[in-house]
Amino acid sequence: MHRQTQSVKQRWQMHQQTRSVNRRWQRHRQTQSVNRRWQRHQQTQSVKRRWQRHPQTRSVHQRWQRHQQTRSVHQRWQMHRQTQSVKQRWQMHQQTRHQQTQSVKRRWQRHPQTRSVHQRWQRHQQTRSVHQRWQRHQPKRSENRQ
């Protein structure tokens, strides 16, 4: 019983420690966010004061902001174009595959025997890949036995 009580006490102490660490961490994070907000506020104030002293810098700043916006729009548009071209390539690839399949089907209609040959070959390939997978797993088993 005594030992159980001890372990319960220890767990409780650890729990309390964890909680106090968590509270400290939360306080720290809150302080950080308040500090950041305060810094941003200070920066904004200093910018405003500068604008009052030199009104022309404000219009320069606004031009720069518009430029940045245009730039980000342009980048988005470029990414969109890339995506489109990838889509088109994929569609063409799908079409090609479809056409190949169609041509194979037509050949099978003209020469039905080739179809059964093809199916035998497919089964052979499947068996082969299964066998290769099985072989790859073999060494591991033998190591386990030793």
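What counts, and where the lines are drawn
Residues numbered from 1 in each chain as written. Predicted model: local features only at pLDDT ≥ 70, side-chain atom pairs only at ≥ 80, totals over all residues. Heavy atoms only, no water. Helix = DSSP H or I, 4+ residues; strand = E, 2+ residues; numbered from the N terminus. Rg over C-alpha atoms; globule rule 2.2 N^0.38 Å. Buried < 20%, exposed > 50% of the residue type's maximum accessible area, 1.4 Å probe, protein only. Areas by Shrake-Rupley, 256 points an atom, 1.4 Å probe, with all protein chains shown as cover. Patch = residues over 30% accessible without salt bridge, like charges linked within 9 Å, V, L, I, M, F, W, Y side chains within 5 Å. Salt bridge = Lys/Arg side-chain N within 4 Å of Asp/Glu carboxyl O. Lys, Arg positive; Asp, Glu negative; His and termini not counted. Charge placed at Lys NZ, Arg CZ, Asp CG, Glu CD. Axes fitted to C-alpha atoms, helices over the stretch in contact; angles between N-to-C directions. Parallel < 35°, antiparallel > 145°, perpendicular 65-115°, else oblique. Contact = heavy atoms within 4.5 Å. Nonpolar A, V, L, I, M, F, W, Y, C, P; charged D, E, K, R; others polar. pLDDT = per-residue confidence, 0-100.

(A) Up close: the overall build of the protein. In terms of helices and strands, the protein carries three helices and zero strands. In sequence order, the secondary structure elements of the protein are arranged as α-α-α. Taken against the 2.2 N^0.38 rule, which gives 15 Å for 146 residues, the C-alpha radius of gyration of the protein at 35 Å runs more than 25% over that of a compact globule. Taken along the three principal axes of its C-alpha coordinates, the protein extends 90 × 75 × 25 Å. The buried share among the 146 residues of the protein stands at 1%. When the accessible surface of the protein is split by element, carbon and sulfur atoms take 50% of a total near 14900 Å².

(B) Main features of a positive patch on the surface. A cluster of like positive charges, contributed by Arg19, Arg23, Arg24 and Arg27, occupies part of the molecular surface. Of note, Arg24 is situated in helix 1 (residues 2-53).

(C) The arrangement of the packing of helix 1 against helix 2 (residues 55-110) in detail. Interaxial distance between helix 1 and helix 2 falls to 5 Å at its minimum, and their mutual angle equals 120 degrees. One way to sum up the angle between helix 1 and helix 2 is to call them oblique. Taking contact as the criterion, the partners of Arg50, Trp51, Gln52 and Arg53 in helix 1 are, on helix 2, Pro55, Thr57, Arg58 and His61. The class makeup of the residues in the contact of helix 1 with helix 2 is two nonpolar, three polar and three charged.

(D) Broad picture of the confidence of the model for the protein. Per-residue confidence for the protein gives a mean pLDDT of 89; residues scoring 70 or more make up 95%. Looking over the protein, one finds the lowest element-wise mean pLDDT in helix 3 (residues 112-145), namely 84, and the highest in helix 2, namely 92.

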